[in-house]
Every structure is written in structure tokens, then in C-alpha cells.
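Residue-level structure breakdown
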Amino acid sequence: MSAILAGEAALEVDNTPFSDYESDGGSELSTQSLTSSIREHVYENGRRYHRKSAGQYYMPSDEAEQDRLDLAHHLFTSLFGGDLYKAPIGDKEDPANVLDAGTGTGVWALDFGDLHPGSQVIGLDLAPIQPEWTFPNVKFECDDLEKEWTYKPNYFQYIHSRCLSTSIKDWKRYLRQCFKHTAPGGYLEVVEHSLNHLYCDDDTLEGSALKKYITTFGECLAKAGIYADLNSEYLKASLEEAGFTNVKIYATKLPWGSWPKDRAAKRIGAINHLQLQSGLEAHALMVCTQFGGMTAEEARALCHDALKEVDNRSVHAYNYIWNVVGQKPV
Ligand SMILES: C[S@@+](CC[C@H](N)C(=O)[O-])C[C@H]1O[C@@H](n2cnc3c(N)ncnc32)[C@H](O)[C@@H]1O
């Protein structure tokens, strides 16, 4: 008997393998019976990070970040004219099983479940930052998308995957798993943006702090093992390689700030401005300090200088949001 256990009752034997994400329910993972370790955090440079995501995901999961994710959801739906997706699913059509991969605060999954009461929606994430009370047709699970998925093959009529570009290390494998678990005739929609590049139609981006920010951020991400050159053509080719057909790219311009003249674009740019106020730091702080050799002060100065240019609208930068949609052949 081990000295530590002397005098204590023998430990019961459990033949199931250990998982950080274990629950009472076998392979059906649920937030209702999480082990306490999954709720542990680490603090770094004043931000709170999910402990189990260490070495895997470099953005915080604290309240400020959760607020930003909810604001970003509002930004996306505003950008898409109120729509939640580009896949050809009608408002009156309820795909039976839906997965929101890397759901974050779960806000997209909840909106989808509300709009499609006949769908069963699963929001999956590394971190348990979703609300405990959900609609009856929406549930949240904790697991790692880069491990072997426990769902049945051909299960989901629709998989939605948004803003995982700073998360997924092996896109090809991830997309192959998406394909395996999509039902024949079902859709995968990947929503992403470039990580190391901003667009600009005049010369204001050249030599700017925003350019320095995006370039430095991309370099640090690459050092962290993230594919920083991610773009819509790469995603389209990778979806096709995984087996999806009818792959379409929908590219929507997202202004970085309220500099556009067009009223609708100005409004979107203003919402994005709000999101960038905490978003620049949320994206860059950990990767620039851990992989770019910067101090926290230097990383914050990089973000601060870039944000000033968004504030004063001196740089006319924009990004593309790419919705890449593919269908699994019947
Ligand atoms: C930038 S957030 C986007 C959240 C959500 N998709 C949205 O658009 O609002 C990325 C999310 O992916 C989660 N994530 C990162 N790596 C993951 C992984 N390997 N498996 C599951 N979730 C992951 C993070 O915990 C975080 O909540």
C-alpha cells in the first residue's frame, strides 16, 4: 500500500481510460458532470486563460474575452444581413443534427437552435464557457477537436466552424474528421479570416502600426505552430481534398474601423472597432510574449499603437470574412 494512502479506504478500480474531459456518461460528454480540473484557469499578464487549453489555444477565456466573442457574433450576423450561415439551409428547414465546432460562449449555437427548433444542436469547445441554461434542443460538450471525435460517422447534417484559425494546428486532419462525421448530403461551413494580412485600397496601410501589428502577429503565430497563411483558396482546396463537393467561397469585406463612407460599411466598421478594442490584445498578447520574445509591455504597445489608427481612422484597412461551404456527396 502506498504511504500516501495509508489508513484510507482502498481506491475503487475503474477500467475506463483517463480523460481530462471524463463524465459519468461514457462517451457522451456533457457539461453537467465535468471534473473540476476542467474549470481551472491560469493567469498571465493580467488575463485569464483556460488551463486545459495550455499549449493548444493562445487566447484568453475570461469575462472580457467572452464579452468580445458575443460582440463578434453580433458583428458577424450584422455583416451577413442578420443571417447565421451561408449554407443553403432554409429558415423553415431543420437539419436533424448540427455541430458548432469550437462554440466559444455558445451564442451561435443558441441562435441556431432558436431558429431551428427541430434541430438538435451540439456546441463543442475545449473550455466550459457556455451558459448552463440552454434551449431544450441545444447542449454543450467539452472536448478537443484535434483528437479523434467520438461522434458517429455520417451523423451531422450541418457542421459550423467559426474563427478557429488561431486554434486548429492540422487543418487537413480537422477537415477530414468534419467530412467523416457529416451526413451524406449535409454541409460543412468554415468561417475564417486572414491572420497575417490586411487589405487596403490606398497607401495608408504602408508603414503603419496596423501593418506592424498584423505582420508581427502572423510571425508569432507561425512560431506557435499555427498556419498563419490561412486563406479561402487553401480552405476550398482542403475541403475538396477531404471529399466535400460543390465548395463555394463567400467573401465579405470587414472594415477595420468606421472609416468607410458607405453607411452600412461604416456601421459594420464601428462594431468591429469596438471588438478590436479588446480583440487586438486578446489575439496577440500570449503569442507575442511566448513565441515572439516580446515583453508584455512591448506586446501591449504593439496593440495600443495599432488601435490608435483604428480610433482615428487614418488607416483604411479591411479584412475578408470567408465563408467556405461544402457538401458531402449523397
Ligand atoms: C475565437 S473563439 C471562437 C468561438 C466561436 N466559434 C465564435 O465564433 O464565437 C475560438 C474557440 O475555439 C475553442 N477551441 C480552440 N481550440 C480548440 C480545440 N482544439 N477543440 C475545441 N475547441 C477549441 C476555444 O476554446 C474558443 O472558445
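Anyway, here's the lowdown on the structure attached to this text. In this text the structure is predicted, and so the values were computed from the model without any measurement. (Residues numbered from 1 in each chain as written. Predicted model: local features only at pLDDT ≥ 70, side-chain atom pairs only at ≥ 80, totals over all residues. Heavy atoms only, no water.)

Concerning the overall build of the protein chain
A tally of regular secondary structure across the protein chain gives seven helices and 10 strands. Sorting the 330 residues of the protein chain into buried and exposed places 52% on the buried side. In the protein chain, once contacts between residues fewer than 6 apart in sequence are set aside, the share between residues at least 24 apart is 71%. (Helix = DSSP H or I, 4+ residues; strand = E, 2+ residues; numbered from the N terminus. Buried < 20%, exposed > 50% of the residue type's maximum accessible area, 1.4 Å probe, protein only. Contact = heavy atoms within 4.5 Å.)

Here's the deal with unusual backbone geometry
Despite not being glycine, N45 shows a phi value in the positive range, around 50 degrees. Relative to the helices and strands, N45 is located in the loop between β1 (41-44) and β2 (47-50). For C163, which is not glycine, the phi torsion reads 60 degrees and is therefore positive. Along the chain, the position of C163 falls in the loop between β6 (156-162) and α3 (171-181).

A word on empty space enclosed by the protein
Rolled over the atoms, a probe with the dimensions of a water molecule shows which regions are left empty. Taken as a whole and assessed by the stated rule, the structure comprises two cavities of 30 Å³ or more. Of the voids in this model, the second largest cavity is the one considered here, and its volume is about 60 Å³. Lining of the second largest cavity is provided by 10 residues; of these, L124, D143, D144, W149 and Y151 occupy positions nearest its centre. Classifying every residue of the lining of the second largest cavity gives five nonpolar, one polar and four charged. (1 Å grid on protein atoms, 1.4 Å probe; cavity = no way out; pocket = protein on both sides within 12 Å on 5 of 7 lines; lining within 4 Å. Points joined across faces, edges and corners; volume = space filled by probe spheres on them. Nonpolar A, V, L, I, M, F, W, Y, C, P; charged D, E, K, R; others polar.)

Description of the site of the ligand
In the vicinity of the ligand lie 16 residues, with G102, D125, D144, L145 and R162 positioned nearest. A distance of 3.2 Å separates a nitrogen atom of the ligand from a polar atom in the backbone of L126. At 2.9 Å from a nitrogen atom of the ligand is found a main-chain nitrogen or oxygen belonging to L145. Look at the ligand: alone it shows 600 Å² of surface, and the protein chains cover 97% of it. (Near = heavy atom within 4 Å. Polar contact = N/O pair within 3.5 Å; in protein donor to acceptor, adjacent residues only side chain to side chain. Areas by Shrake-Rupley, 256 points an atom, 1.4 Å probe, with all protein chains shown as cover.)

Details of helix α1 (residues 63-79)
For α1, spanning 17 residues, the distance from its first C-alpha to its last is 24 Å, which sits close to the expected 24 Å at 1.5 Å a residue. Turning to α1, its buried residues are E65, Q66, R68, A72, H73, L75, F76, T77, S78 and L79. Looking one or two residues beyond α1, the residue adopting positive phi is G81, at roughly 60 degrees. (Expected span 1.5 Å × (residues − 1).)

A closer look at the nonpolar core
Membership of the largest hydrophobic core comes to 31 residues, with the highest contact counts inside it found for L210, Y213, W256 and L280. Taken together, the elements giving at least two residues each to this core come down to α4 (209-223), α6 (263-290) and α7 (296-311). Ranked by the residues each element gives to this core, the list is headed by α6, at seven residues. Excluding residues within four positions of it along the chain, L210 makes contact with L198, L205, W256, A306, E309, V310, V315 and A317. Counting residues in each nonpolar core, the second largest holds 26 residues, with L124, L164, L235 and V247 among its members. (Core = buried A, V, L, I, M, F, W, Y, C linked by side-chain atoms within 4.5 Å.)

With respect to the pairing of strand β4 (residues 120-125)
Two faces belong to every sheet, and in a regular strand the side chains alternate between them. Where burial is concerned, most of β4 is hidden: five out of the six residues are buried. Of the strand pairs in this sheet, strand β3 (residues 97-101) and β4 are connected by five bridges, and their pairing is parallel. The residue bridging N97 from the neighbouring strand is Q120, located in β4. With five bridges connecting them, β4 and strand β5 (residues 138-142) associate as parallel partners. Within the sheet, the bridge partner assigned to V121 lies in β5 and is V138. (Pairing = 2+ DSSP bridges.)

Purely spatial values, then, with no claim about function.
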